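# Analysis of the macromolecular model
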Amino acid sequence: MRRGYRRIKLKVQPGADVSFVEAVRRAVGDQVALSVDANAAYTLEDGDTLRRLDQLGLQMIEQPLAADALTHHAELQRQLDTPICLDESICSLQRAEEMVTLGAGKIINIKPGRVGGFTAAVAIHDLAAAYDIPVWCGGMLEGGIGRAHNVALASLPNFTLPGDLSPSERYWERDIVRPPWTMADGALTVPWDQPGMGVAVDEDYIEELTARRETLDA
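These lines cover the structure that appears in this document, whether it is placed above or below. (Residues numbered from 1 in each chain as written. Predicted model: local features only at pLDDT ≥ 70, side-chain atom pairs only at ≥ 80, totals over all residues. Heavy atoms only, no water.)

### Some words on the overall build of the chain
Scanning the chain from terminus to terminus reveals eight helices and 10 strands. Relative to the compact-globule value of 17 Å for 218 residues, the chain shows a C-alpha radius of gyration of 19 Å, a close match. Dimensions of the chain, computed from C-alpha atoms along their principal axes, come out at roughly 55 × 40 × 35 Å. A total of 218 residues make up the chain; the buried ones form 42% of that total. The long-range fraction of contacts in the chain, counting pairs at least 24 apart against all pairs at least 6 apart in sequence, stands at 64%. Summing over all exposed atoms, the chain offers an accessible surface of approximately 12,000 Å²; the carbon and sulfur share of this is 50%. Here the chain contributes 21 positively and 32 negatively charged side chains, and the mean placements of these two sets differ by 5 Å. (Helix = DSSP H or I, 4+ residues; strand = E, 2+ residues; numbered from the N terminus. Rg over C-alpha atoms; globule rule 2.2 N^0.38 Å. Buried < 20%, exposed > 50% of the residue type's maximum accessible area, 1.4 Å probe, protein only. Contact = heavy atoms within 4.5 Å. Areas by Shrake-Rupley, 256 points an atom, 1.4 Å probe, with all protein chains shown as cover. Lys, Arg positive; Asp, Glu negative; His and termini not counted. Charge placed at Lys NZ, Arg CZ, Asp CG, Glu CD.)

### Details of the sheet that holds strand E4 (residues 84-86)
Read across the sheet, six strands follow the order E1-E2-E3-E4-E5-E6 without closing on themselves; strand pairing throughout is parallel. Two strands in the sheet have a free side with no partner beyond their single neighbour: strand E1 (8-11) and strand E6 (135-137). Bridge count between strand E3 (residues 61-62) and E4: two bridges; the pairing is parallel. Note that in E4 the partner of Glu 62 across the bridge is Cys 85. Across the sheet, helix H1 (residues 18-28) is in contact with E1 and strand E2 (34-37); its angle to E2 comes to roughly 160°. (Pairing = 2+ DSSP bridges. Axes fitted to C-alpha atoms, helices over the stretch in contact; angles between N-to-C directions.)

### A look at the pattern of salt bridges
Counted by the stated rule, this structure contains 12 salt bridges. In this structure, Lys 9 engages Glu 62 in a salt bridge whose closest nitrogen and oxygen atoms are separated by 3.3 Å. Remark: Glu 62 occurs in strand E3 and Lys 9 occurs in strand E1; sequence separation between them is 53 residues. Glu 62 gets classed as buried once you look at its relative accessible area, which sits at 1%. Here Lys 11 makes a salt bridge to Asp 37, at a shortest N to O gap of 2.7 Å. Highlighted residues: Lys 11 in strand E1 and Asp 37 in strand E2, separated in sequence by 26 residues. Overlapping salt bridges, with partners in common, bring together Lys 9, Lys 11, Asp 37 and Glu 62 in one network. (Salt bridge = Lys/Arg side-chain N within 4 Å of Asp/Glu carboxyl O.)

### Side note on the pairing of E1
Of the two faces of E1, only the one carrying Ile 8 and Leu 10 is buried; Lys 9 and Lys 11 on the other face are not. One ladder, built from four bridges, connects E1 with E2; its direction is parallel. Bridge pairing in E2 links Lys 9 to Ser 35.

### Some points on the pairing of E2
By the alternation rule, side chains of E2 split into Leu 34 and Val 36 and Ser 35 and Asp 37, which are all buried. Bridge analysis of E2 against E3 gives two bridges, and the strand direction is parallel. Bridging from a neighbouring strand, Val 36 pairs with Ile 61 of E3. This β-α-β element, E2 to helix H2 (residues 47-53) to E3, shows right-handed connectivity. (Right-handed = clockwise from strand over helix to strand, strands pointing away.)

Structure (structure tokens):
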């Protein structure tokens, strides 16, 4: 938290959940935003465990049930005060619409690569905004180019929750863009004053890294 990160997310699964989260909550206190991500590890039969997690002051419980179990998520959400965040379930605008209709969650993690690109991601953002459902931008260990596009997406007004937008140094000794992405007070700066992506591709460094080249004729 000294680096300014605004949320801690813990991975949970059956047998490694409540006691782990309780220990972290005791360590960080009640004021730190804490969430858990189950990656679809539970079923409705685990309701007692999920209700115990519900008592720990979590910002969200992410994807507790299977990706296609929207009706089960809706049933579970009715039992919990903690918002359910859907991730793997949201693979298209249609699935987001189904979530809204069923009341299967209260937060959406938008991953552009999962939903089919940025046009779909923006459409899901707009849908969620219309229904007052907050969203955040999920990442998948992007390099600087992918991070640039996610930063632009996350600058839209309904991205109100901290996302997976860490600085370049979090994963890379040297990024493939100049300047590298840096974080101040828990946030990345959107380079509004720069054209295009807002960063330049370090083509010389990419050339150094290139192990094989193949040319395809159109």
